[in-house]
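Residues per chain, in single letters:
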Amino acid sequence: MEESPGRPKLSGEIRDAFLKYFEDLGHTVVPSSSLVPHGDPTLLFTNAGMVQFKNVFLGLEHAAFRRAVTVQKCVRAGGKHNDLDNVGFTARHHTFFEMMGNFSFGDYFKEEAISYAWRFLTGVLGLPRDKLYITVFHEDHEAESLWKKVAGVPGSRIVRMGEKDNFWSMGDTGPCGPCSEIIIDRGEKFSCGVQCGIGTCDCDRWLELWNLVFMQSMRDETGSLSPLPRPSIDTGMGLERITAVLQGKDSNYGTDLFVPLIGKVGDICGRKAAETGDVFPFHVIADHARSCVFLASDGVSPSNEGRGYVLRRILRRAVRFGKVLGIHRPFVEELVPVVAETMGKAYPELTEKQGYIGSVLAQDEGRFFKTLEQGQDKALEIMEHALAGGTKVLSGRDAFILYDTFGFPIDLTKDMAREKGLAVDESEFELAMAEQRERSRKKRFGAGIDFASFQESLSGLPATEFTGYAKLVDHAVVLAILKGGDLATELDPGEEGLVVLDRTPFYAESGGQEWDTGVFALIMPGRDAPAKAGYVRHVQESPGGAVLHTVKADMPGIMVGQKVRCIVDKDRRQGLERHHTATHLVHKALREALGPGALQSGSLVQETRMRLDFAHLAALTPQELHKVEDLVNQAIMEDLPVTVREVSREQATDMGATALFESKYGDTVRVIDIGGYSLELCGGTHVRRTGEIGQVQIISESSVAAGVRRVEAVAGWAALRKSREAAGLIADLSRRLDVPPESLPAEINALKSQIQDLQGRIELIMHGRIRALAGELIDKALVISEAGNRKVVVSRQDHMETGEIRRLGDELKERGSTVCILGSNYDDRSYLLVMSAPEAAASGVDSVAIVRKGARVLGGSGGGKAHMAQAGGKEPGALDQALNAALEEAKALLVRVYGGPDLNDR
């Protein structure tokens, strides 16, 4: 490719040139949104540039601009959009990537989009025109004509494609339209053979650079298309791909986005990628390191569910390929500074959170190394058991247990199974994974209003004006009523529905703060005071800004067009305000006490309590908790003013205001300034001065996930009630123990010592009882003469706890029993224990086989190891039959293992 002076070539230059080009064309530069989609239960991660504009395209939100340009960070490593398994195998697939895109919301359309894209690629970036090819939807004659007219592309370089390749839709229903791809011919050296061509192969010669989506239709439930009133544009171009083209690299991994990472991996393992002959592990680790760093930066922590589950999978896959390179220690933390240095200019949060990100990843990686040996032992045990059962296929459920419990990668399980001559039932494994994802999805999102199903009903409604910052009582007009998802004209007494008003003082659930409750009232003829017409029990805001009040009607009168008096529950609102302002104070105090990295990653504000999740690696000491509590209450006692300012996002950033990753902000933001002590972006309601809070008590501190801690606290009246409860408890204990409050600690310690002493005495008595019982049972043992006079003890000991039964079994083994079978009915359940002497277990007298015979009779299940197994069931009346069944199995095994020559003659 011929070089053009001043042509952007480095990845950072390309990113900046793209934003400036479209900004000069009147587009608003919109910062990348978080990788954690705000309020979208359909996505694990932001996986495309249009995700943050999804509600705008659906008509559920109205943007303040008609044109936008973004460089959006994206992850595709879970759910429907998952490139994880392709990473490293191809030159262009990644779990993390940057998507550059320009958007039009009913402003310009095909001609401008085509012109803008062509001029940027050929003019700004200097790509050769004769190497660029175009694909169009086979029915989109307009697009083909415009490519010829606007860009001068000859028909020989325009390829018509079918719906599968060149028609985009948001889902089964909703906005959709044809798309047009810009493809570059990279030459014969990338060809896959004679049949190589656009649409006929997927090799790297014909590389898609940019996809232009012409959103022009709406698809309904029947599949029919109708024209959109405001056709829009959605485009996407991967920064990694275009950088590889401009830098003349065969692979994205050869660009300045990856080379520093690959070099660092080489330093760690002591080998350079080019010298190994196998660059695959280097590419996987470099890609996965970027994903891990960006996900951790956006508040995702490794865990066993949801987004954290995906992060853990990526991290541990990187560790696995580190082991392939001979790295047998935690190392991913060492890659964090490289990612921060490479990407920090575009994403400064990487530099700011570098220490925290490294600690989160190092902690989980270290935990993985510690559990890896346990996982290997468990995997070997499971595989040996499968082989003993005569199967050649390892259960996918077992493989999932290894993954879910031990973090054992499925790839490693498959490798170990292959060495043992086993295959893994991958379809069953995937089914177990899907079931877990569904459980995680339900846990994460719960039941809520499906706003998409109300799209048509809500589309014509204006955003509801919120008046609740200034007043708790207001008058409003009912604009719409929904019952069961359908529009209605009124609510009858006893009915519940969603009511939309033109204005409301009721705060809708948002930003961690719960909703207001209260009543709708009507002015009735002949009454001095308004009559309660309905109770407002929940309030939510739709993506388009219409506030939905969940109302249960008490009397007729709530109907469309009716004017109602809205009365917010004052006590609940004040409780919410106290706890919300307290949340800000706790957040600030945590960062002051623990360091700037203790940033909030989630919160819940309720009427009677608050909780705050924050980034921190270790449990807080009592001294640290006291310091946080003291800082908060000091701010309360100083009665600091709480002021609200509405400014632009840029002004808020310049002021140093803290913004939270899980929240979504518009161009104008509310900054809550608590006397200069705390400065945060927030849309919630707050007290006017900190003195209104009264006091704050931290009531608990715990772990939520790796690198994330949680504090819970109470404020105001709730704190006073908590103090009274504590004082009452102390007074009650003082009265019961007949000592003054100050003597309680010493008295409790004395009682604990006394209890321990008595427990020791009981233990001695029980031990003597068990020894005596074992002597009696061994004297009555059943002797199996056909098995060389081996002794079997069978005994039922009702009401004996499981720990006591185990001690009895140990004692019987010590006294010479070959097999002991013990049973007990305890707490409405039956319990079986089987113990085999070590020599017998090693020879094939399997306790598991024996106990399972009894378990079937009890209607339960059992398991364990050859020397000891146990079972339980819900059929206490069948315990004797269960003991007999287990005995018969034990006798058969003993005879099979120890039977002499004379037995074989019979």
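Here, every reference points to the structure presented above.
For clarity, every value in this text was computed on a predicted model and none was experimentally measured. (Residues numbered from 1 in each chain as written. Predicted model: local features only at pLDDT ≥ 70, side-chain atom pairs only at ≥ 80, totals over all residues. Heavy atoms only, no water.)

Draft legend 1. Broad picture of the overall build of the chain. Looking only at helices and strands, the chain has 27 helices and 37 strands in total. When its C-alpha atoms are laid out on the principal axes, the chain stretches across 100 × 90 × 55 Å. Taken over 906 residues, the chain has a buried fraction of 51%. The long-range fraction of contacts in the chain, counting pairs at least 24 apart against all pairs at least 6 apart in sequence, stands at 69%. (Helix = DSSP H or I, 4+ residues; strand = E, 2+ residues; numbered from the N terminus. Buried < 20%, exposed > 50% of the residue type's maximum accessible area, 1.4 Å probe, protein only. Contact = heavy atoms within 4.5 Å.)

Draft legend 2. Just the side chain of S115, in detail. In this structure, S115 sits in helix 3 (residues 110-124). For S115, the residues in contact, after removing those within four places along its chain, are Y21 and V150.

Draft legend 3. Molecular detail of the pairing of strand 33 (residues 790-796). Bridging between strand 32 (residues 782-784) and strand 33 involves 3 bridges; their strand directions are antiparallel. The partner of L782 across the bridge, within strand 33, is V792. The turn linking strand 32 back onto strand 33 is made up of 5 residues, and G788 within it adopts a positive phi angle of 75 degrees. Judged from the 5 bridges that link them, strand 33 and strand 34 (residues 819-826) form a sheet pairing that is parallel. Within strand 34, the residue paired with S795 across the bridge is L822. Handedness of the crossover is the feature at issue here: the chain leaves strand 33, passes through helix 23 (residues 802-814), returns alongside strand 34, and the resulting connection is right-handed. (Pairing = 2+ DSSP bridges. Right-handed = clockwise from strand over helix to strand, strands pointing away.)

Draft legend 4. A look at unusual backbone geometry. A positive phi angle is found at N789, which is not glycine, with a value near 60 degrees. The residue N789 is located in the loop between strand 32 and strand 33 in this model. The phi torsion at H799 lies on the positive side, around 70 degrees, for a residue other than glycine. Summarising the element assignment, H799 is placed in the loop between strand 33 and helix 23.

Draft legend 5. Representation of the nonpolar core in the model. Formed by 93 residues in total, the largest nonpolar core has its most connected members in L127, W147, W210 and I242. Broken down by element, this core gets its largest block of residues, 11 residues, from helix 9 (residues 280-297). In this structure, W147 is in contact with I114, W118, I134, V136, G152, V153, I158, S180, I182 and L212, ignoring residues within four places of it in sequence. Ranked by size, the runner-up nonpolar core spans 29 residues in total, among them A589, L620, Y677 and C682. (Core = buried A, V, L, I, M, F, W, Y, C linked by side-chain atoms within 4.5 Å.)

Draft legend 6. Main features of the packing of helix 1 (residues 11-24) against helix 6 (residues 239-246). Following both chains from N to C, one finds helix 1 and helix 6 inclined at 115 degrees, their axes separated by 10 Å at the closest point. You can see that helix 1 and helix 6 cross each other, and the crossing is right-handed. Residues S11, I14 and R15 of helix 1 lie in contact with helix 6, whose contacting residues are L239, I242, T243 and L246. Of the residues contributing to the contact of helix 1 with helix 6, the split by class is 4 nonpolar, 2 polar and 1 charged. (Axes fitted to C-alpha atoms, helices over the stretch in contact; angles between N-to-C directions. Left-handed = near helix turned anticlockwise from the far one by under 90°. Nonpolar A, V, L, I, M, F, W, Y, C, P; charged D, E, K, R; others polar.)

Draft legend 7. Layout of the sheet that holds strand 28 (residues 668-674). Across the sheet, 3 strands lie side by side as 27-28-29; this open sheet has antiparallel pairing. Here the strands that pair on one side only, and so sit at the sheet edges, are strand 27 (642-648) and strand 29 (678-681). Taken over all neighbouring pairs, the strand axes of this sheet differ in orientation by 25 degrees on average, direction set aside. Taken together, the 4 bridges between strand 28 and strand 29 define a ladder with antiparallel strand orientation. Bridge pairing links D673 to L679 in strand 29. Its contacts with the sheet put helix 18 (residues 570-594) on strand 27, strand 28 and strand 29, and the angle it makes with strand 29 is roughly 115 degrees.

Draft legend 8. Here's a closer look at helix 4 (residues 141-150). Restricting attention to buried positions, one finds in helix 4 the residues A143, E144, L146 and W147. Around the axis of helix 4, the buried residues are gathered within 165 degrees of arc, so they sit on the same side. Looking at the buried side of helix 4, the elements it contacts are helix 3, strand 6 (132-137), strand 7 (158-161), strand 9 (174-185) and strand 10 (206-219). Once helix 4 finishes, G152 follows within two positions and takes phi at roughly 70 degrees, a positive value. (Arc of directions from axis to C-beta.)

Draft legend 9. How the structure looks around the pattern of salt bridges. Tallied over the full model, the rule gives 50 salt bridges. A salt bridge links E384 to K420, with the shortest nitrogen-to-oxygen separation between them at 3.0 Å. Of the two residues, E384 is situated in helix 13 (residues 354-388) and K420 in the loop between helix 15 (410-419) and strand 13 (423-424); the sequence distance between them amounts to 36 residues. When its relative accessible area of 41% is taken as the criterion, E384 is described as partly exposed. Take K420: its relative accessible area is 31%, and that puts it in the partly exposed class. Each of D516, R573, E577, R688 and E692 takes part in a single network of salt bridges with overlapping partners. (Salt bridge = Lys/Arg side-chain N within 4 Å of Asp/Glu carboxyl O.)

Draft legend 10. Local environment of the environment of G223. Mapping G223 onto the fold places it in the loop between strand 10 and strand 11 (225-238). Distance in space between the C-alpha atoms of G223 and G174 is 9.9 Å, their sequence separation being 49 residues.

Draft legend 11. Region of the structure containing the environment of Q634. Note that Q634 resides in helix 19 (residues 622-637). With relative accessibility at 42%, the residue Q634 sits in the partly exposed group. Residues Q634 and L239 lie 395 residues apart in sequence; the distance between their C-alpha atoms is 50 Å.

Draft legend 12. The packing of helix 1 against helix 3, seen in detail. The contact between helix 1 and helix 3 brings their axes to 11 Å, and the two run at 135 degrees. With respect to helix 3, the element helix 1 is oriented oblique. For helix 1 against helix 3, the interelement crossing comes out right-handed. Of helix 3, the residues touching helix 1 (which contributes A17, F18, Y21 and F22) are S115, Y116, R119, F120 and V124. Here the contact of helix 1 with helix 3 is built from residues that sort into 7 nonpolar, 1 polar and 1 charged. (Parallel < 35°, antiparallel > 145°, perpendicular 65-115°, else oblique.)

Draft legend 13. The arrangement of the packing of aromatic side chains in detail. Taken as a whole and assessed by the stated rule, the structure comprises 26 aromatic pairs. Measuring from centroid to centroid gives 6.5 Å for F57 and F103, while their planes differ by 50 degrees, and the two rings are tilted. With F57 in helix 2 (residues 54-57) and F103 in strand 5 (residues 96-104), this residue pair connects regions lying 46 residues apart in the sequence. In terms of burial, F57 and F103 fall into one category: buried. Put simply, the rings of F18, Y21, F22, Y108, Y116, F120 and W210 touch in pairs and so form one group of aromatic residues. In this arrangement the basic side chain of R670 is found over the ring face of Y469, its NZ or CZ atom lying 3.7 Å from the centre. (Phe/Tyr/Trp six-rings, centres within 6.5 Å; stacked < 30°, edge-to-face > 60°. Lys NZ or Arg CZ within 6 Å of the ring centre and 35° of its normal.)

Draft legend 14. Layout of helix 21 (residues 716-737). If you check helix 21, its first and last C-alpha atoms are 32 Å apart, about what 22 residues at 1.5 Å a residue would give, namely 32 Å. Regarding helix 21, the residues found buried are G716, A718, A719 and S734. Contacts made by the buried residues of helix 21 are with helix 18, strand 30 (696-705), strand 31 (708-715) and helix 22 (744-779). One or two residues past the end of helix 21 sits D738, with phi positive at roughly 60 degrees. (Expected span 1.5 Å × (residues − 1).)

Draft legend 15. Examining the sheet that holds strand 26 (residues 610-615) more closely. Taken together, the 4 strands give an open sheet; going across it, the order is 25-26-31-30, and neighbouring strands pair in antiparallel fashion. With one partner strand each, in any of the chains shown, strand 25 (600-605) and strand 30 form the two edges of the open sheet. Each adjacent strand pair in this sheet contributes to an overall mean axis angle of 15 degrees, direction not counted. Across 6 bridges, strand 26 lies against strand 31 in antiparallel orientation. Bridge assignment links A615 to a residue of strand 31, and that residue is V708. Where helix 18 meets the sheet, its contacts fall on strand 25, strand 26, strand 30 and strand 31, and the angle it forms with strand 26 comes to roughly 25 degrees.

Draft legend 16. The arrangement of the side chain of D364 in detail. With respect to the element layout, D364 can be found in helix 13. In contact with D364, not counting residues within four places along its chain, are P302, R312, L315, R316 and A706.

Draft legend 17. The pairing of strand 15 (residues 473-483), seen in detail. As judged from the 5 bridges shared by strand 15 and strand 24 (residues 563-568), these two strands associate in the antiparallel manner. By the bridge assignment for strand 24, V477 is matched with K563. The pairing of strand 15 with strand 18 (residues 496-501) spans 4 bridges and is classified as antiparallel. Across the sheet, I481 pairs through a bridge with V499, a residue of strand 18.

Function-wise, these values are silent; they only describe arrangement.
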